[in-house]
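Geometric and topological summary
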Amino acid sequence: MATLSSTVSVKVPQTRQGGGGSTPPTFGGGGGDGRGGNGSPDYGERLRRARLGLAVGLTPVIMLFVSFTSAYIVRQGLPTLDLRTNTYVHDWLPVNLPWVLLLINTVILVVSSVTMELARRQITRQAALAPVTSIPGVSLGEEKKFPWLGITVVLGLGFLTGQWMAWRELAARGFYVATSASSSFVYLLTAMHAIHLAGGILALLYSAVTSLLRKPVEARRIVVDITAWYWHFMALLWIYIFALLEIAR
Amino acid sequence: MASTEIVHAHAAPQGFIRKYIFSLDHKIIGLQYYFLALIAVFLGMGLSLLMRIHLIWPTASLPIFGDIKPETYLMFVTMHGTIMVFFVLTTAPQGGFGNYFLPIQIGAPDMAFPTLNMLSFWTTFVAFVVLIAAFFVGAPLHGWTGYAPLSAVPSSGPGEGLGADLWITSIALFCAASLMGALNFITTTLDMRAKGMSMMRMPLTCWAWFITAILGLLAFGVLAAGGILLLMDRNLGTSFFVPGGLNFTGQTSFPPGGFSPSTDLVKHNGGSPLLWQHLFWFFGHPEVYIAIVPGMGVASQLLSTFSRKPIFGYRAMVYAMLAIGILGFVVWGHHMFMSGMSPYSAFAFSIMTMAIGVPSAIKTFNWIGTIYKGRVRFHTPMLFAIGFVSLFVSGGLSGPFLAQPVIDIPLHDTAYVPGHFHLIMGVAAIFGIFAATYYWFPKMFGHMMNETLGRWHFFITLVGTYSIFMPMHYLGMAGQPRRYSQLTEVAYLHPLIPLNRFITYAAIVTIAGQFIFLFNLFWSMAKGKKAADNPWEATTLEWTTATPPPHDNFGGRTPVVNHGPYEYSVPGAPRDYIMQNDPATAPVH
């Protein structure tokens, strides 16, 4: 009986996203009770909901950086009262960024975004095939599991280390947090981005833990999927910040 | 991630802690928000009483705080404003009633992300505890708006050290909590509506909570940005908001030879206090709509239900709320006419602000159109809904005046502005909360609230709040400044003292009246008349389920919606209301 009822859900593989397209599968139909018809949790619906939640959740992150950007541009154009001469002067000090180092960091982050995407597609495939492999006697052969997630975590940590080195380099060049308004913004923007990226790394570690706890691959896939979109967003955000700091000096 | 939570795929929790403390059930979380707001509102009200007493008896020694120094008075101002705006007006209508009734009204078993929902409440709770902790180390003086440089330099005054750090931390935690809540509300509304519940079939309360959540989602990130910059100015020596040349040593006379930059002046240079005001009010103006929009939804729902008529202009109501929300993001400059602003910007902000009068007038017109020729049932919730409309009009009418820089500049720092915003954003929003409490109490607790006590409470509160805040408009026009702790020493204010006394007496009576509500609330929970499942003969989905609703809201059923939210007195229908989940073709006899 059990084998029969699990073959019923072989329907699920049809919803795999052929090669990782971004359209979410739309089964479940908004019934809203979070369960499929046969009593197993409706992962498609949960994935759709999680993706929607992520899209909504990224909005305040955008608003945060929009606020910082507007503050940056306003402060840049603002004259300052020089107390010695009692005149208004422009005191914006262009920061001498260690741009070679930052460029290397950017490449690391972009590569990590690619590995993250590969990890996402890998687990999407696994999740799609899970019902088939659960049928006794059916084997798809030992699939080679390249540790894309682990590589992404390592690259993410590498990026954070690189940012730390960039801070050390800035300090060596005499730019501290409170040196000038421009250096305050450099530290602010890089630190806020680093904190958000660290959140992504924590989410990846969480998915590794769930893997150890033998949670269903469909549940892990949701965590990996939304972390991947978050990760891509963080890569784009960093490119934006880097461009802002380089162009609007 | 919370997203992996299986929504009600498990049985209801049995243990006390999982059931009532760290509950994932949106109904329990809603009640937790509501009771947090109840504690906060009595605290905030107590502070306002102390302020009113101090204003007319400035030499009196008050309980707990003793002799009131000017900085103590400003501490009351700050804490009253912060507690009321964040932990009452943002918490009760959205976190409380929104959490409890949004999923039920759209036919969902719970919020989209229950764990996130629980986290959101407990973060709010910690934020509240951190804020109250500021009392014990000396609360800040900078008001709920936290204007820099007062808020940005720890040495700027008593309470601006650790107290201000706690205040900012509390606000930052509140931002995080509100964002989690907003994320949940939006996802739930978009993704978890029952079959047949199209967006344009949602009750206007759901629209109000949805729009409020969008406002919060866009606004709180900006406040968080401002808070981060403020913390950096205070603790890392940056100069985002602090200009150079400030002296906070308390010297009252200019020393011979001038101040010494190294010892007397702040170490900051080049920051802009106006930058804080822009960031703050970009959040702050939407925030006042976060407080009032849920009240608009509740008023719409109740006026329709108790007039036994469909809401007048459902779509117009939705679009008006959306318009108010959108316009709310482009008017923040009207809080800053006094702060120095190009007349051209001031003109633009002024025009946009007055434009909000248009959707507000549409709403008012539709509310009156809804009652007009209705068979009105004057139950207590209806009284408060009518009171809401009354206060919305009388508080709102001073808005277009204050929106004009030439009128705002003389009135801005007078009692006129507190009169204006307390009527519309304070008392009107509170009336929305009261209306919602009396209306949904039977569903939440299974008993009816006492009608006689409810009426007493309504009339005392309505007359009392008008008596408090209407005269403030006259005080303002007569030139009485706001935020001053002592008014009795100034000759030109002497003729205003009797009116100030009257306001304080009215405040004492009104506050006493609130204990009627408190008594009614707890007495009715135990001893109130047993409530039927649909005591008000209303149409929305929360009245189709048991009282109080079961763990998954509909007891295993999934409601199917066939009707709009306000089908009252439909010709040919067997009774004067058609519930949203009634069969699509009502039997015609």
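Rules and cut-offs
- Residues numbered from 1 in each chain as written.
- Chains lettered and ligands numbered in written order.
- Predicted model: local features only at pLDDT ≥ 70, side-chain atom pairs only at ≥ 80, totals over all residues.
- Helix = DSSP H or I, 4+ residues; strand = E, 2+ residues; numbered from the N terminus.
- Rg over C-alpha atoms; globule rule 2.2 N^0.38 Å.
- Buried ≥ 20, exposed ≤ 12 C-beta atoms within 10 Å, placed from the backbone.
- Contact = placed C-beta atoms within 7 Å.
- Expected span 1.5 Å × (residues − 1).
- Axes fitted to C-alpha atoms, helices over the stretch in contact; angles between N-to-C directions.
- Parallel < 35°, antiparallel > 145°, perpendicular 65-115°, else oblique.
- Left-handed = near helix turned anticlockwise from the far one by under 90°.
- Nonpolar A, V, L, I, M, F, W, Y, C, P; charged D, E, K, R; others polar.
- Core = buried A, V, L, I, M, F, W, Y, C linked by C-beta atoms within 7 Å.
- pLDDT = per-residue confidence, 0-100.
- Bend = angle between axes of the 7 residues up to and from the residue.

**A few points about the overall build of chain A**
Secondary structure assignment for chain A yields six helices and two strands. Along chain A, from the amino end to the carboxyl end, the secondary structure elements read α-α-β-β-α-α-α-α.

**Re the overall build of chain B**
Looking only at helices and strands, chain B features 17 helices and four strands. By the compact-globule yardstick of 25 Å for 589 residues, chain B fits well, its C-alpha radius of gyration being 25 Å. Overall size of chain B, expressed as C-alpha extent along the three principal axes, is 95 × 55 × 50 Å. The proportion of buried residues among the 589 residues of chain B is 54%. Considering only residue pairs separated by 6 or more positions, chain B has 83% of its internal contacts joining residues 24 or more positions apart.

**What to know about the interface of chain A and chain B**
Where the parts come together, the accessible area they lose is often given as the size of the interface. Contact residues are listed per partner, giving 38 residues for chain A and 44 residues for chain B. When residues of the side of chain A that touches chain B are traced back to their parent elements, those giving at least two are α2 (43-76), β1 (80-82), α5 (181-212) and α6 (217-247) of chain A.

**Some words on α5 of chain A**
End to end, α5 of chain A covers 47 Å across 32 residues, agreeing with the expected 46 Å (1.5 Å per residue, within 8%). One or two positions beyond α5 of chain A, positive phi appears at R214 of chain A, with a value near 55°.

**Looking at the packing of helix α4 (residues 91-106) of chain B against helix α6 (residues 162-191) of chain B**
Residue and element names in this part refer to chain B. One way to put it is that α4 packs onto α6 with a least axis distance of 11 Å and a crossing angle of 15°. If you check the angle between α4 and α6, you find them roughly parallel. The two elements α4 and α6 cross, and the hand of that crossing is left-handed. On α6, the residues touching Q94, G95, G98, L102, P103 and I106 of α4 are G181, F185, T188 and T189. Residues belonging to the contact of α4 with α6 are distributed by class as follows: four nonpolar, six polar and no charged.

**With respect to the environment of S48 of chain B**
Residues and elements named next belong to chain B. Its location among the elements puts S48 in helix α2 (residues 26-56). On a C-alpha basis, the gap between S48 and F76 in space is 7.4 Å, while along the polypeptide they are 28 residues apart. In this structure S48 touches H80 and A507, once residues within four positions along its chain are discounted.

**A short note on unusual backbone geometry**
All names here are of chain B. Residue P149 is bonded to the preceding A148 through a cis peptide linkage, with omega at 0°. Mapped onto the fold, P149 is located in the loop between α5 (114-137) and α6. With a phi angle near 55°, R308 is a residue other than glycine that sits in the positive phi range. Phi is positive for R483, close to 70°, though the residue is something other than glycine. Positionally, R483 belongs in the loop between α16 (451-477) and α17 (497-527). The partly exposed category is assigned to R483, around which 13 C-beta atoms lie within 10 Å.

**Some thoughts on the nonpolar core**
A299, A385, F388, A428 and A435 of chain B are the most contacted members of the largest nonpolar core, which has 223 residues in total. No other element matches helix α7 (residues 204-235) of chain B, which puts 22 residues into this core.

**Some details on the confidence of the model for chain A**
All names here are of chain A. Across chain A, the average pLDDT comes to 82, with 81% of residues at or above 70. Averaged over each element, pLDDT in chain A is lowest for helix α1 (residues 2-8) (37) and highest for helix α4 (residues 148-172) (95). Taken as a whole, residues 1-39 scores under 50 in pLDDT and shows 63 contacts with residues more than four places along the chain or in a different chain.

**Topic: α4 of chain B**
Side chains three or four residues apart in an α-helix point the same way, a direct result of the helix having 3.6 residues per turn. Residues and elements named next belong to chain B. Here α4 spans 21 Å end to end across 16 residues, near enough to the 22 Å set by a 1.5 Å rise per residue. Remark: the principal bend of α4, roughly 50°, maps to G98. The element α4 is largely enclosed, with a buried count of 16 among its 16 residues. Looking one or two residues past α4, G107 carries a phi angle of roughly 80°, positive in sign.

**Some thoughts on the packing of α2 of chain A against α6 of chain B**
Helix-helix packing is characterised by the crossing angle of the two axes and by the distance between the axes. Where α2 of chain A meets α6 of chain B, the closest approach of the two axes is 9 Å, and the angle between their N-to-C directions is 140°. Between α2 of chain A and α6 of chain B, the crossing angle belongs to the class labelled oblique. When the axes of α2 of chain A and α6 of chain B are compared, the crossing they make is right-handed. For the pair α2 of chain A and α6 of chain B, the contacting residues are R49, L52, G53, V56, G57 and P60 of chain A in the first and L179, L183, I186, T187, L190 and D191 of chain B in the second.

**Some words on the environment of A584 of chain B**
Residues and elements named next belong to chain B. Among the structural elements, A584 can be located in the segment after β4 (577-578). Given 9 C-beta atoms within 10 Å, A584 falls into the exposed group. Spatially, the C-alpha atom of A584 lies 9.9 Å from that of V560, the residues being 24 residues apart in sequence.

**So, the confidence of the model for chain B**
Residues and elements named next belong to chain B. Overall, the prediction assigns chain B a mean pLDDT of 92, with 97% of residues at 70 or greater. In the predicted structure, residues 1-9 sits below a pLDDT of 50 and forms 33 contacts with residues beyond four places in sequence or in another chain. Across the interfaces of the predicted complex, the ipTM metric reaches 0.92, alongside a pTM of 0.91.

**Points about the environment of R201 of chain B**
All names here are of chain B. Relative to the assigned elements, R201 resides in the loop between α6 and α7. Given 18 C-beta atoms within a 10 Å radius, R201 is considered partly exposed. Each C-alpha atom of the pair R201 and P405 lies 41 Å from the other, and the pair is 204 residues apart in sequence. Excluding residues within four positions of it along the chain, R201 makes contact with V561, G564 and P565.

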